[in-house]
Amino acid sequence: MEYNPDVFRDKTILLPCDDPEWSNFTKYFALNFEYFGLKKLISTCYASEETPQAHPITFESNAPQFDAEKSVTNGKILVLERKAKSLKRINFKNLPWKYLEGNGDFCSQEICKLRDEADFIITNPPFSLFRKFLTWILEGKKQFLTLGSMNAISYIEVFPLIKDNIIWLGVESGAKEYLTPTGENQKMGNTCWFTNIEHGRRHQPLPLMPMADNLKFSRHKEIKGKDNYDHYDNYDAIEVPYTDAIPSDYDGVMGVPISFIDKYCPEQFDIIGITKTWFGMANKTYPEQIQVDKNGEESRVTKLNDGATIRRETIPIGETYYIVDNNYYTQVYARILIRKKQ
Ligand SMILES: C[S@@+](CC[C@H](N)C(=O)[O-])C[C@H]1O[C@@H](n2cnc3c(N)ncnc32)[C@H](O)[C@@H]1O
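Bear in mind the structure is a predicted one, so any value in this text is a computation, not a measurement.

Check the secondary structure of the protein and you find 8 helices and 19 strands. Referenced to the eigenvectors of the C-alpha coordinate spread, the extents of the protein come out at roughly 75 × 40 × 35 Å. Each of the 342 residues in the protein was classed as buried or not, and the buried ones make up 32%. Sequence separation of 24 or more characterises 66% of the internal contacts of the protein that already satisfy a separation of 6 or more.

Take the domain arrangement of the protein next. Domains assigned within the protein are domain 1 (12-203), domain 2 (211-272) and domain 3 (289-336). Between domain 1 and domain 2, the residue contacts involve 12 residues of the former and 8 residues of the latter. Partitioning the side of domain 1 that touches domain 2 into residue classes produces 5 nonpolar, 5 polar and 2 charged.

In this section: helix 5 (residues 109-117). Listed as buried for helix 5 are Ile111, Leu114 and Arg115. Looking straight down helix 5, one finds its buried side chains confined to an arc of 105°; they lie on one side. In helix 5, the exposed positions angled more than 90 degrees off the buried face are occupied by Gln109, Lys113, Asp116 and Glu117. On its buried side, helix 5 packs onto strand 1 (12-15), strand 2 (40-45) and strand 5 (120-123).

Looking now at the sheet that holds strand 11 (residues 237-239). Pairing is mixed in the open sheet, where 4 strands are placed in the order 11-12-19-13. This sheet does not close on itself; its edge strands, each paired only once, are strand 11 and strand 13 (269-274). Across the sheet, the axes of successive neighbouring strands diverge by a mean angle of 35°, strand direction being ignored. Two elements, strand 11 and strand 12 (residues 253-257), share 3 bridges in a ladder whose sense is parallel. Bridge pairing in strand 12 places Glu239 opposite Gly255.

Bringing the sheet that holds strand 15 (residues 298-301) into the picture now. With respect to topology, 5 strands assemble into an open sheet ordered 15-14-17-18-16, the strand pairing being antiparallel. This sheet does not close on itself; its edge strands, each paired only once, are strand 15 and strand 16 (309-312). For this sheet, the mean inter-axis angle between neighbouring strands, taken without regard to orientation, is 35°. Here 3 bridges tie strand 14 (residues 289-292) to strand 17 (residues 321-324), and the two strands are oriented antiparallel to one another. What sits directly across from Ile290, in strand 17, is Ile323.

Attention shifts here to the nonpolar core. Most often, soluble globular proteins have nonpolar side chains that are buried together. Ile13, Leu41 and Ile336 are the most contacted members of the largest nonpolar core, which has 65 residues in total. It is helix 6 (residues 130-139) that provides the largest number of residues to this core, a total of 5 residues. Two domains each donate at least three residues to this core, and these are domain 1 (12-203) and domain 2 (211-272).

Below, the discussion takes up the pairing of strand 2. Regular strands place side chains that alternate from one sheet face to the opposite one. Extensive coverage of strand 2 is indicated by the burial of 5 of its 6 residues. Pairing between strand 1 and strand 2: 4 bridges, direction parallel. Opposite Ile13, over in strand 2, you have Leu41 as the bridge partner. Note: strand 2 against strand 3 (residues 76-81), 6 bridges, orientation antiparallel. Within the sheet, the bridge partner assigned to Leu41 lies in strand 3 and is Leu80.

Turning to helix 1 (residues 24-31), a few remarks are in order. Side chains that are three or four residues apart share a direction in an α-helix, a result of its 3.6 residues per turn. Residues of helix 1 that are buried include every one of Phe25, Thr26, Phe29 and Ala30, and no others. Viewed end-on, helix 1 has its buried residues packed into an arc of 125°, placing them on one side of the element. Tucked inside the fold, the buried residues of helix 1 contact strand 1, helix 2 (33-36), strand 2, strand 3 and strand 5.

Cut-offs used in this document
- Residues numbered from 1 in each chain as written.
- Predicted model: local features only at pLDDT ≥ 70, side-chain atom pairs only at ≥ 80, totals over all residues.
- Helix = DSSP H or I, 4+ residues; strand = E, 2+ residues; numbered from the N terminus.
- Buried ≥ 20, exposed ≤ 12 C-beta atoms within 10 Å, placed from the backbone.
- Contact = placed C-beta atoms within 7 Å.
- Domains from an automatic or database assignment.
- Nonpolar A, V, L, I, M, F, W, Y, C, P; charged D, E, K, R; others polar.
- Arc of directions from axis to C-beta.
- Pairing = 2+ DSSP bridges.
- Axes fitted to C-alpha atoms, helices over the stretch in contact; angles between N-to-C directions.
- Core = buried A, V, L, I, M, F, W, Y, C linked by C-beta atoms within 7 Å.

In structure tokens form, the structure reads like this:
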């Protein structure tokens, strides 16, 4: 909204996982209906006998349209529409919701029809269905804003879309607190917004220091005082353990934390790949390894091929390491591989 105050003007928004009576998304868009200049707001929710609603049905059972049977088998729908000049004042105590024909599954024909009618799909979907949900949105060629787990960044279905700048993270994608429908604050650090709505912030380049300055002045002990950044053994890239330690003047590929995506500016860097999924990019396959954990316990594993590795000259102390042909290796966390825009 800050970037484009008219982003929702004359548009139809579908909230497809949002109980008209409970969802704060529904409340937010209903309250701001006029301010955003919306044409139509549709909020639908899912009913299933296997997964009962997470909240009490007190509002629903007090409503004149309540039907005890349909309440467990049929989803609900609320449609707010701008008629004539303005929307009538919304009475939140008596929302004009109805039961859907079906259960409100976003994949059902009934909801697909509503998706096709909408300009924007916005919600907090069930994270377990995130892949399916994103595919469903993109099939409909819609603009969207959805919450998801940070882990979704590395999904095979999601990462290529981020790499190719088809989708990106929304603003405020770090650790967060959410207000639950019952008014409590819930901390959900590992979540972020996924979107294809332009927001401007993603075009602001990260302020960074040259490599020599990082090695001399970095606030991170892993960098400061070293001769060089570590280089991976199984891919031609340097290891950058913190986003603010990315050297501004390095032309090769760099492995950076997944959380970099939140700061990613496509005019500053290209995304080359991701080490967790690799997409066939690693240039080496290790045979079975001996893993020595922090307590010195040994086991035979093949894990070293799952991520970027660093060959160590001496036995690493206080961390898990791997032995292959009398060489010592450590594995770094999942990394995004990036390169300075050429
Ligand atoms: C994480 S909750 C978010 C609820 C709501 N967006 C809010 O913020 O209050 C996810 C919701 O998706 C609903 N859901 C689960 N499976 C669904 C499906 N196949 N289609 C549509 N909604 C579904 C659940 O009933 C649940 O209410």
